[in-house]
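Observations on the three-dimensional arrangement
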Protein chains: 2
Amino acid sequence: MKNSNKLKIIPLGGMYEVGKNLTLVEYRDEIIIVDCGLTFPEEEMLGIDVVIPDISYLIKNQEKIKALVLTHGHEDHIGAIPYILKKIKMPIYGTPLTLGLLENKLKEHKLGEVDLNVVHAGQNVKLGKMEVEWISVNHSIPDSCALAIKTPLGYVYHSGDFKVDYTPISGEVIDLQRIAKIGEKGVIAMIGESTNVLREGYTMSESKVGETFNRIFSNHITNRIIIATFASNVHRIQQIINAAENFNRKVVLSGRSMLNVTETANKLGYLKVKKGTLIDIKNMDKYDDKDLVIITTGSQGEPMSALTRIAYGEHRRIQLTPNDIVILSATPIPGNEMDVSKVTNKLMEVGANVIYETLTEIHVSGHACQEELKLILSLVKPKYFIPAHGELRHLLKHASIAEDLGIGRENIFIMENGNCLEISQKDAKFVSDVPAGNILVDGLGIGDVGNIVLRDRKHLSEDGLIVVVVTISKSDGKIISGPDIISRGFVYVRESEDLMDEAREIVKKTLGKCDSKSITDWSTLKNNIREDLKGFLFSKIKRNPMILPIIMEI
Amino acid sequence: MKNSNKLKIIPLGGMYEVGKNLTLVEYRDEIIIVDCGLTFPEEEMLGIDVVIPDISYLIKNQEKIKALVLTHGHEDHIGAIPYILKKIKMPIYGTPLTLGLLENKLKEHKLGEVDLNVVHAGQNVKLGKMEVEWISVNHSIPDSCALAIKTPLGYVYHSGDFKVDYTPISGEVIDLQRIAKIGEKGVIAMIGESTNVLREGYTMSESKVGETFNRIFSNHITNRIIIATFASNVHRIQQIINAAENFNRKVVLSGRSMLNVTETANKLGYLKVKKGTLIDIKNMDKYDDKDLVIITTGSQGEPMSALTRIAYGEHRRIQLTPNDIVILSATPIPGNEMDVSKVTNKLMEVGANVIYETLTEIHVSGHACQEELKLILSLVKPKYFIPAHGELRHLLKHASIAEDLGIGRENIFIMENGNCLEISQKDAKFVSDVPAGNILVDGLGIGDVGNIVLRDRKHLSEDGLIVVVVTISKSDGKIISGPDIISRGFVYVRESEDLMDEAREIVKKTLGKCDSKSITDWSTLKNNIREDLKGFLFSKIKRNPMILPIIMEI
């Protein structure tokens, strides 16, 4: 059979973008899904909550799916699972913390009866004709793994998200020996993350941040200390707890996701906390500033987050004072820069001392820089290389690094979501694409907001709306009432009465023109009203609101 | 008289923000205005074109205004002038290029008969009891100056925007000797820009970029070269022209503002171009790739700019090919990061080689870093220091640097827009504020879009709109026609017919409840429709569109 011994690699997300990672490894009639993440909407996706991958290919090929295997518990790797599970059932494999975080999510979505299977780094799981091995890596969330997927054509190595940290906070150093061994056995294809590929050198060790915390704590003995970071960065939280314990401070957690993740991590043994260190926020008032550290969400300046509420004086229990040191222990994710600046300035207005990344070494990335990427590529020695998890500029840079290391240009594949790379013993080539794209989630609606709706939202957001209402006699076409004009988001009504009066006259004139002949063509009449009013408003005020003519015929 | 010998400094823009710089220096009954800039709208200012300062204080005190004096020709220093001139007439003083660029602007706004007065660096102008001296500084636009305003209480030194460039492209090195002299004579107050205060060390010289251009040109002899930069960065454009002439390439200009600024700069002698170097874009086809350099606008990824149109294949005359080298010779202004990434990726999709700041030294800032700021503070030796042109985090950092240099904390003033600092021989203190704030410009409307309009636009942008139309009999309150439901930006109508049917039933029920008693209170009825429908839609789809009930009574 022609297709008998061929392997397909199909990314449904994570290519030409940062987020919603989802990659398929397909051998004969079996599919293994690696990760299933979401992404956050771009600026022009007005009103959208989250974006998930198009999985119509998976729905069509349900019976082929052997399992969903997870590298780690970040949103861009597990966030779309609840939405996908509503369409397809499948067994899910992941490390304890990854599944712990997933379970929280499933509960929120009221999804029971999911087939969850815990694996540990170093373990193998046979899934049909393929076999998946979880290999420990370092990253900004514990329990992160790369995956070595054994296929009859050799290994497919999926890097997951990783960095090389020789002095990690908990867990092991990335398992370089095992990665080298897999490389020795033969890797037919490697999918490699590209997040930090534009940065030279190495990413600093997480333990560097701990040193900075200790220095700041020792320099500010009398202040209350507030630290904002990602809830999922359990290592960072551990280091804050360590510093707090060193300096005899109690730790308060603030923000829903901070409480959830910390509880899960604590329960599963990923946090080491002395009895009595963590106190409930309700008991905070019993302690002096000098005895407290608050760990909070909101390091990205998210408008509804705990830190933003603190900054704007809207937090129910935490009031900022000039005796506060606020540490933003995170880098703004691209697109969040302005939100973070705003919160920073707002915190400073109250007089708090704000320490952020530009000023001090208060954050390190969880992703590998160029030298680390070279190291892994050199150990894995893949025949074919697929840079992943990045915008095109990242993918191209990662490709050029792989080329520098001796991988032939013809063996490096820049893939778009939906592209299908077919690999045989002999060669690798692109075959027909499968459907892929963004599915927009707005409230409970999945995929019911598309381009037309977004275009209307954009139009409304820029110049607002004018509704023209008029009642017309069925018998003679004469105006019975109206035209009335209602506007929203267009202009202060109080300041524009003259403009509105003139607009009404324009509509009357348009209606008058049609009056003589019998009106049968409502859409033409509506169009005339729209065009005449549009021309008038643009000439008067250079704005172009959405115009909705409503004609009632009595 | 009590107020007889007092000086006031009043910023109306540029404090707690980057942009719309406008500072008043008031002595007795005389006001000198320094700069009059605009700023671009923040993300939540939906549909707004530009933002200008509130000048009600100036309108109220028109007769006191002696002049508007300009430091340089950037938008955030001259951009609001056309709007302000529609309200107040006043003489304007500035250097030749500054006024040349202003004149272009005045023409666009069809403003004639403006009292423009050219001054050169080193010149003094007596304006009532005060006297203004223009002092040459380095910046990313030629003809930039600091201002030394001589008052009976000593000099007020306004830094303008500046850097210290010992090897500038044209013009002089910043006039450190004169600045030192002014410092020696006695500066009562200094207003200092803070844009780059968070960066350590020195800003590199503009001539560094020229070296990089030459290197890139010599490495890509056969490629066409496209360089995007700010139209106003005449030094940068000069260096591109120099490199083009070195390598025997013709230069094509693309983008309206690039053509305008270059024409003005050329006419005034700020550009040195050999005859025949500049060619019209229409003649571009006569030349090979290797003989061309295109200088274009769009370095900020602006959606309608020439570079964006090139990237998306929508430029009328420039088609991108894999033989193109595109250089983004600029840093994304905060807030523009995502737009710039998008254009970069799009350019790469066609196969062009894109060189941007992360990869190569292809841009330098026009603003002073910490060491330069220290130098100027040390030369000027002001009694009182007012950090300006920055968000609060910048102002505070600049203040702490000034303190490190020995200026007493009590002599450093962090000012908000509208604050009024009153300075006497004896002391300086805050007195009553004057009105200040953002005036939003949308189309031809100045200040007619406020919070209510913006709130409506935001609401519409997130969940769209539902209009409910119903005609009711005046006599018995029975429904004559409707309810009809029209939606925009809410949900695909095709996919939501059931939802709309249910919504109609909800409205009918609400109307039915009111049917029995006589309907006199329209606003209550409308409110009931709104509330019932809102509750229904949120429970069904977790969205909250704007609901506009329209009731016609016949």
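Fair warning: this is a prediction, and the values are worked out from it, not measured in the lab.

**Re the sheet that holds strand β26 (residues 546-553) of chain B**
Residues and elements named next belong to chain B. Strand order in this open sheet of three strands is β25-β24-β26, and the pairing throughout is mixed. Edge positions in the sheet fall to β25 (479-488) and β26, since each has one partner strand and no second. Geometrically, the sheet is characterised by an average inter-axis angle of 10° between neighbouring strands, direction not taken into account. In this sheet, β26 lies alongside strand β24 (residues 465-472) in parallel orientation, the contact comprising eight bridges. Bridging across to β26, Ile466 finds its partner in Ile547. Most of the contacts of helix α15 (residues 522-541) go to β26, to which it runs at about 140°, and overall it touches β24 and β26.

**Points about the UniProt feature "domain: Metallo-beta-lactamase" (unreviewed entry) in chain A**
Mapped onto this structure's residue numbering, the UniProt feature "domain: Metallo-beta-lactamase" (unreviewed entry) falls at residues 19-220 of chain A. Annotation note: span residues 19-220 of chain A, helix share 25%, strand share 28%, distance between end C-alpha atoms 38 Å.

**Quick word on the packing of aromatic side chains**
All names here are of chain A. Within the structure shown, the criterion is met by eight aromatic pairs over all chains. Aromatic pair Tyr93 and Trp134: ring centres 6.5 Å apart, planes at 40°, arrangement tilted. With a gap of 41 residues between them, Tyr93 in strand β6 (residues 92-94) and Trp134 in strand β9 (residues 130-136) connect regions that are remote in the sequence. Judged by its relative accessible area of 15%, Tyr93 is buried. Among the aromatic residues, ring-to-ring pairing joins Tyr384, Phe413 and Phe430 into one connected group.

**Some points on the pattern of salt bridges**
For the structure shown, the criterion picks out 55 salt bridges over all chains. Where B:Glu206 meets B:Arg236, a salt bridge forms, and the shortest distance between an N and an O atom there is 2.6 Å. Placement of B:Glu206 in helix α6 (residues 206-219) and of B:Arg236 in helix α7 (residues 234-246) is noted, with a sequence separation of 30 residues between them. Three or more residues joined by partner-sharing salt bridges are found here, namely A:Asp442, A:Asp448, A:Arg457 and B:Arg543.

**Some thoughts on the UniProt feature "binding site: substrate" (unreviewed entry) in chain A**
Residues and elements named next belong to chain A. In this structure's numbering, the residues bearing the UniProt feature "binding site: substrate" (unreviewed entry) are Ala231, Ser232, Asn233, His363, Val364, Ser365, Gly366 and His367. Checked against the element boundaries, Val364 lands in the loop between β18 (353-355) and α11 (370-380). With a relative accessible area of 5%, Val364 lands in the buried category. When neighbours within four sequence positions are excluded, Val364 is seen to be in contact with Lys163, Met204, Ser205, Glu206, Val209 and Arg236.

**Quick word on the relation of the copies chain B and chain A**
Here two copies of a chain appear, and what relates them is a rotation about an axis with a shift along it. By a simple turn and slide, chain B fits onto chain A: the slide is 0.0 Å along the axis, the RMSD is 0.1 Å, and the turn is 180°. When the rotation and shift are considered jointly, the pair of chain copies conforms to a two-fold rotation axis. Using C-alpha coordinates, one finds that chain B approaches the rotation axis most closely at B:Ser461, a distance of 2.4 Å. The share of interface residues of chain B whose copies in chain A are also at the interface is 100%, consistent with both copies meeting through the same surface.

Quick notes on the rules
Residues numbered from 1 in each chain as written. Chains lettered and ligands numbered in written order. Predicted model: local features only at pLDDT ≥ 70, side-chain atom pairs only at ≥ 80, totals over all residues. Heavy atoms only, no water. Pairing = 2+ DSSP bridges. Helix = DSSP H or I, 4+ residues; strand = E, 2+ residues; numbered from the N terminus. Axes fitted to C-alpha atoms, helices over the stretch in contact; angles between N-to-C directions. Contact = heavy atoms within 4.5 Å. UniProt positions renumbered as here; feature names shortened; annotations may be inferred. Phe/Tyr/Trp six-rings, centres within 6.5 Å; stacked < 30°, edge-to-face > 60°. Buried < 20%, exposed > 50% of the residue type's maximum accessible area, 1.4 Å probe, protein only. Salt bridge = Lys/Arg side-chain N within 4 Å of Asp/Glu carboxyl O. Least-squares fit on C-alpha atoms with pLDDT ≥ 70 in both.

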